[in-house]
Amino acid sequence: GENVEQHPSTLSVQEGDSAVIKCTYSDSASNYFPWYKQELGKRPQLIIDIRSNVGEKKDQRIAVTLNKTAKHFSLHITETQPEDSAVYFCAASISGGGADGLTFGKGTHLIIQP
Amino acid sequence: ETGVTQTPRHLVMGMTNKKSLKCEQHLGHNAMYWYKQSAKKPLELMFVYNFKEQTENNSVPSRFSPECPNSSHLFLHLHTLQPEDSALYLCASRPEGGRNEQFFGPGTRLTVL
């Protein structure tokens, strides 16, 4: 089955700086890669996702890049703000079929220092 | 709010009890999921249902028994659980039509004594 590795487990950056979180996956059949943000005591919420036919996607301060050959994808947050502090999870799945449950990484606790 | 609700939000049960978790969505989604979130472990997929049919069982012990009577409701029946089953149980649903985003419910915080 799929295995997703996520690094780092904790990331502390100064407000205004950029943050990068990296994930690798093992199953070359995976074709859908979402990123979820989970604030303390709340549900995971999708912030951005990318499909395997695209190399990069951007939404305001958030971007995701995908390298299919190397089987890794990254989340980039620019101009970080205090409200970006949360746990971020990457995930992978094979979409288009019935068995499309997400395999998650272990999460990155992002801390924005004022 | 994502339109996915879960009850109860908190549950404490003994190892010999039988209880059920409920998930409900009125978003018109046809795929529903159960995930387990434990401390210091990644979110783990448990079950997937598409159009009320179970399409994925991620090697979950039989003390967890899912039920999907219709596309809007998903249950997780619990019996003879172990303390290590204490976790946050999250339900999610996904729309059809090529969209992949899964919408999560708020979860049920389960404690097994």
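Colleague: Give a detailed account of unusual backbone geometry, specifying residues and quantitative values.
Modeller: In this model, His7(A) is joined to Pro8(A) through a cis peptide bond whose omega is -5 degrees. With respect to the helices and strands, the residue Pro8(A) is situated in the loop between β1 (4-7) and β2 (10-14). The amide bond that connects Thr7(B) to the next residue, Pro8(B), takes the cis arrangement and shows omega of -10 degrees. Checked against the element boundaries, Pro8(B) lands in the loop between β1 (4-7) and β2 (10-13). With a phi angle near 70 degrees, Lys52(B) is a residue other than glycine that sits in the positive phi range. Taking the relative accessible area as the measure of exposure, Lys52(B) reaches 41% and is therefore partly exposed. Notably, Ser59(B) is not glycine yet its phi reads approximately 55 degrees, a positive angle.

Colleague: Can you tell me about the side chain of Thr80(A), naming the residues and giving the values?
Modeller: All names here are of chain A. With respect to the helices and strands, Thr80 occurs in the loop between β8 (72-77) and β9 (86-92). Here Thr80 falls in the buried class, since its relative accessible area comes to 2%. Excluding residues within four positions of it along the chain, Thr80 makes contact with Val13, Gln14, Glu15, Gly16, Asp17, Ser18, Ala19, Arg61 and Ile112.

Colleague: Talk me through the sheet that holds β1(A); I want residue IDs and the actual numbers.
Modeller: Pairing between the strands of a sheet comes from backbone hydrogen bonds, and it takes one of two forms, parallel or antiparallel. Residues and elements named next belong to chain A. In space, the five strands of this open sheet follow the order β1-β3-β8-β7-β6, with antiparallel pairing throughout. If you trace the sheet from one side to the other, it starts and ends with β1 and β6 (56-59), each paired once. Strand after strand, the sheet turns through a mean of 15 degrees between neighbouring axes, direction not considered. In this structure, β6 lies alongside strand β7 (residues 62-67), joined through four bridges in antiparallel fashion. In the strand pairing of β7, Lys57 is matched with Val64.

Colleague: How would you sum up the interface of chain B and chain A? Please name residues and give values.
Modeller: Reports often express the size of an interface as the amount of accessible area lost when the parts come together. Counting from both sides, the interface comprises 24 residues of chain B and, opposite them, 18 residues of chain A. Among the residues chain B hides against chain A, the three largest losses belong to Leu43(B), Asn100(B) and Phe104(B). Together they make up 31% of the total. Inspection of the chain B/chain A interface yields one salt bridge. Measuring nitrogen to oxygen at the nearest pair gives 2.7 Å for the salt bridge that ties Arg94(B) to Asp100(A). In this structure, the connection of chain B to chain A is made through 11 residue pairs in polar contact (both at pLDDT 80 or more). Elements that contribute at least two residues to the side of chain B that touches chain A include exactly β4 (31-37), β5 (44-50), β6 (53-57) and β9 (87-94) of chain B. Here the residues of the side of chain B that touches chain A are counted per class, giving 11 nonpolar, eight polar and five charged.

Conventions we followed
Residues numbered from 1 in each chain as written. Chains lettered and ligands numbered in written order. Predicted model: local features only at pLDDT ≥ 70, side-chain atom pairs only at ≥ 80, totals over all residues. Heavy atoms only, no water. Helix = DSSP H or I, 4+ residues; strand = E, 2+ residues; numbered from the N terminus. Buried < 20%, exposed > 50% of the residue type's maximum accessible area, 1.4 Å probe, protein only. Contact = heavy atoms within 4.5 Å. Pairing = 2+ DSSP bridges. Axes fitted to C-alpha atoms, helices over the stretch in contact; angles between N-to-C directions. Buried area = accessible area lost by both parts, 1.4 Å probe. Salt bridge = Lys/Arg side-chain N within 4 Å of Asp/Glu carboxyl O. Polar contact = N/O pair within 3.5 Å; in protein donor to acceptor, adjacent residues only side chain to side chain. Nonpolar A, V, L, I, M, F, W, Y, C, P; charged D, E, K, R; others polar.

Purely spatial values, then, with no claim about function.
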